[in-house]
Amino acid sequence: MKKTKVLVVDDEAEFAATLTERLQLRGYDARAVSSAEDTVAAAKSDLPDVILLDLKMPGKSGIEILMTIREYAPGSEVILLTGHVDIESKIEGIRIGAFDYIMKPIDIGELTAKIDKAKQKHTNG
Amino acid sequence: MKLGSKLAFSFGISMVLFIMLGVMVCTESGTATKSISVVLAAVLGAVAYRRLAARIVTPLRRLDEMAKSVAREYLPEIGIVDQKDEIESLESSFTQMERRLKDTLSSLELATTRLHEKQEKLVEAEKLASLGRIAAGVAHEINNPLAIINEKAGLMQDILRMCGDFQHKEKFLNLLDGIMVSVNRCRTITHHLLGFARRIDVIVEPMDLNEAVTEAKEFLANDIVLKNIRAELHLGEDLPKIKSDKGLLEQVFLNVIKNAIDAVEEGGIVMVSTGVKDKNTAFVSIRDNGPGIPSDKLRHIFEPFFTTKERGKGTGLGLFVSYGIMKKLGASILVESEIGKGTTFTLEIPLHPRFWEGTV
């Protein structure tokens, strides 16, 4: 079975890299990026199944990146990473088309369950 | 009879007596010069007398009119009847004015007290709002490194679990578990603090306040049994259904009732009552017969990280979060405490949603 392709987007490079490694250990084809430009490029070239997107990114807001992703990689499901219950951003994100959200610090079991659900939706179209 | 007329009357009598005396003296002495001097003195005396009367009467009348106008303006229910003379009238006007001034002064004192209380509440709310913003800012900054610690420790656990057995492997795994448990504790704190400042999901639905209170009490049944406490519910029968967020309100009830249970000694009493305060507001009061909270501590009770519990027993966030929730729901939380008698928390909840706009 083809591995689920996950793109981890977070400006905290340490966080993104470590989470990516943990996902790889769990059998995901994960990759980390830490800037808005890299995110758009990776979304276009890799066509990930699921993108984990931090809502707080320097330069561009997570919502702006989400809109770009929707444009370039309409097939990818997005799970928002938030530091808190930021209801406005969450609602806005879901409205623009994010699949779900998860709060940091992350519970890895909860995250993988959400990734699998997003992948399922992605596969079923 | 007016004072002016009285003076004129007295003057007339005096003049008649004076002239009669002059005539008697003149008749006895028989000298015309003497009688002219007496008449002249009488005329001069009359002029001086009139001037003196005018100087006394005119200011008296003016003063009387002023006192009356003060009394008339502020005390319209009192009819001002013209008195017999200016002095009596002035006295009565002054009495009325004094009464009015006393009334004004006491209502002014009352208004000042109320203003002072409102100011204190505003200052308190603003202080908590500032503290909330600071706490949320700190929590946000701490949350990111916390997320990194969480991932690093998690990755170490992942790797260790994949490794074959080696010396101290179990110990390492246990240590990492300890780190994860602490991270989770911190996560609870940061999320609470962030929740205070952020607009969280408020789901308004028709709800039964009595039911929510009963559920919260049942949720704490174990604590009540373990401490052998008498927990009384006095549910208002006339309480209508309200429109609010049941989940959030239950969180507040749990926090406050749990605090009451913690506050009382074994065998103590916790009394929860509900009812209608006025046509727009319901209330829930939670009273305990614990030791009470001294006033210097009571002032800080809603501040973040303030706790009267033993170290490690409370985070000091329960009431802070409850305060934030109540604000979000347009409700309020009040506390009264008496040393040796106990503490009462009163939650005043609008029957219909009245959202509190803005961030704390």
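### Comments concerning the confidence of the model for chain B
Residue and element names in this part refer to chain B.
Phase 1 of the analysis: Chain-level pLDDT for chain B is 82 on average; 82% of the residues reach the 70-or-more range.
Phase 2 of the analysis: Ignoring residues within four places in sequence, the model shows residues 356-360, a span with pLDDT below 50, making 11 contacts including any to other chains.
Phase 3 of the analysis: The ipTM for the predicted assembly is 0.86, set against a pTM of 0.59.

### A few points about the sheet that holds strand 4 (residues 77-82) of chain A
All names here are of chain A.
Phase 1 of the analysis: Overall, parallel pairing links the five strands, which are arranged 2-1-3-4-5 in an open sheet. Bordering the open sheet on either side are strand 2 (29-33) and strand 5 (100-103), each of which pairs with just one other strand. Taking the axes of each pair of neighbouring strands and ignoring which way they run, one obtains an average angle of 20° across the sheet.
Phase 2 of the analysis: Note: strand 4 against strand 5, four bridges, orientation parallel. Each residue of the ladder has a partner; that of Ile79, found in strand 5, is Asp100.
Phase 3 of the analysis: Across the sheet, helix 1 (residues 13-25) lies against strand 1 (5-9), strand 2, strand 3 (50-54) and strand 4, angled at about 175° from strand 2, the strand it touches most.
Phase 4 of the analysis: Sheet strands touched by helix 3 (residues 62-72): strand 3 and strand 4. Its angle to strand 3, the strand with the most contacts, is close to 160°.

### As for the nonpolar core
Phase 1 of the analysis: Membership of the largest hydrophobic core comes to 48 residues, with the highest contact counts inside it found for Leu209(B), Phe253(B) and Ile349(B).
Phase 2 of the analysis: Breaking this core down by element, the ones donating at least two residues are helix 3 (86-162), helix 4 (169-197), helix 5 (209-219), helix 7 (246-263), strand 4 (269-278), strand 5 (281-288), helix 9 (318-328) and strand 7 (342-350) of chain B.
Phase 3 of the analysis: Among the elements that line this core, the one with the most residues is helix 7 of chain B, at eight residues.
Phase 4 of the analysis: Excluding residues that lie within four positions of it along the chain, Phe253(B) makes contacts with Leu209(B), Ala212(B), Val213(B), Ala216(B), Lys258(B), Val284(B), Leu347(B) and Ile349(B).
Phase 5 of the analysis: Core analysis: the next-biggest nonpolar cluster, separate from the first, contains 20 residues, Val6(A), Val8(A), Tyr28(A) and Ile79(A) among them.

### Quick word on the side chain of Lys104(A)
Phase 1 of the analysis: Note that Lys104(A) resides in the loop between strand 5 and helix 5 (108-124).
Phase 2 of the analysis: Engagement of the side chain of Lys104(A) in a polar contact is seen with the side chain of Asn144(B), the distance being 3.2 Å.
Phase 3 of the analysis: With sequence-adjacent residues up to four places away left out, Lys104(A) is seen in contact with Asp10(A), Phe15(A), Asp54(A), Thr82(A), Gly83(A), Asn143(B), Asn144(B), Ala147(B) and His191(B).

### Digging into the environment of Ala331(B)
Residue and element names in this part refer to chain B.
Phase 1 of the analysis: With respect to the helices, strands and loops of the structure, Ala331 is situated in the loop between helix 9 and strand 6 (332-338).
Phase 2 of the analysis: Between the C-alpha atoms of Ala331 and Thr281, which are 50 residues apart in sequence, the distance is 8.8 Å.
Phase 3 of the analysis: Residues contacting Ala331, with those up to four places away along its chain left out, are Met326, Glu348, Ile349 and Pro350.

### Looking at the packing of aromatic side chains
Phase 1 of the analysis: Tallied over the entire structure, the rule returns three aromatic pairs over all chains.
Phase 2 of the analysis: Arranged with centres 5.6 Å apart and planes meeting at 40°, the rings of Phe302(B) and Tyr323(B) form a pair that is tilted. Of this pair, Phe302(B) sits in the loop between helix 8 (295-298) and helix 9 while Tyr323(B) sits in helix 9, and the two are 21 residues apart along the sequence. Accessibility classification places Phe302(B) together with Tyr323(B) in one group, the buried group.
Phase 3 of the analysis: Here the guanidinium or amino end of Lys114(A) rests over the ring plane of Tyr101(A), the centre of that ring lying 5.5 Å away.

### Thoughts on a nonpolar patch on the surface
Phase 1 of the analysis: On the surface, Leu25(A), Ile159(B) and Met162(B) cluster together into a nonpolar patch covering about 270 Å² of accessible area.
Phase 2 of the analysis: One can find Leu25(A) in helix 1.

### What about the sheet that holds strand 6 of chain B?
Residues and elements named next belong to chain B.
Phase 1 of the analysis: Pairing in this open sheet of five strands is mixed, and the strands run 2-4-5-7-6 from one edge to the other. Taken across any chain shown, the strands that pair with only one partner, and hence form the sheet edges, are strand 2 (230-234) and strand 6. Across the sheet, the mean angle separating the axes of adjacent strands is 15° when strand polarity is ignored.
Phase 2 of the analysis: As judged from the five bridges shared by strand 2 and strand 4, these two strands associate in the parallel manner. Looking at strand 4, one finds that Arg230 is bridged to Ile269.
Phase 3 of the analysis: Sheet strands touched by helix 5: strand 2, strand 4, strand 5 and strand 7. Its angle to strand 2, the strand with the most contacts, is close to 175°.
Phase 4 of the analysis: Where helix 7 meets the sheet, it contacts strand 4, strand 5, strand 6 and strand 7, and its direction lies at approximately 25° from that of strand 5.

### Regarding the packing of helix 2 (residues 36-46) of chain A against helix 3 of chain A
Residue and element names in this part refer to chain A.
Phase 1 of the analysis: At their nearest, the axes of helix 2 and helix 3 sit 9 Å apart, and the two run at 20° to each other. In terms of orientation, helix 2 and helix 3 fall into the roughly parallel class. Between helix 2 and helix 3 lies a crossing of right-handed hand. Contacts between helix 2 and helix 3 pair Ala36, Thr39, Val40 and Lys44 from the former with Ile65, Thr68, Ile69 and Tyr72 from the latter.
Phase 2 of the analysis: In terms of residue class, the contact of helix 2 with helix 3 is made up of five nonpolar, two polar and one charged.

Scoring rules and cut-offs
- Residues numbered from 1 in each chain as written.
- Chains lettered and ligands numbered in written order.
- Predicted model: local features only at pLDDT ≥ 70, side-chain atom pairs only at ≥ 80, totals over all residues.
- Heavy atoms only, no water.
- pLDDT = per-residue confidence, 0-100.
- Contact = heavy atoms within 4.5 Å.
- Pairing = 2+ DSSP bridges.
- Helix = DSSP H or I, 4+ residues; strand = E, 2+ residues; numbered from the N terminus.
- Axes fitted to C-alpha atoms, helices over the stretch in contact; angles between N-to-C directions.
- Core = buried A, V, L, I, M, F, W, Y, C linked by side-chain atoms within 4.5 Å.
- Buried < 20%, exposed > 50% of the residue type's maximum accessible area, 1.4 Å probe, protein only.
- Polar contact = N/O pair within 3.5 Å; in protein donor to acceptor, adjacent residues only side chain to side chain.
- Phe/Tyr/Trp six-rings, centres within 6.5 Å; stacked < 30°, edge-to-face > 60°.
- Lys NZ or Arg CZ within 6 Å of the ring centre and 35° of its normal.
- Patch = residues over 30% accessible without salt bridge, like charges linked within 9 Å, V, L, I, M, F, W, Y side chains within 5 Å.
- Areas by Shrake-Rupley, 256 points an atom, 1.4 Å probe, with all protein chains shown as cover.
- Salt bridge = Lys/Arg side-chain N within 4 Å of Asp/Glu carboxyl O.
- Parallel < 35°, antiparallel > 145°, perpendicular 65-115°, else oblique.
- Left-handed = near helix turned anticlockwise from the far one by under 90°.
- Nonpolar A, V, L, I, M, F, W, Y, C, P; charged D, E, K, R; others polar.

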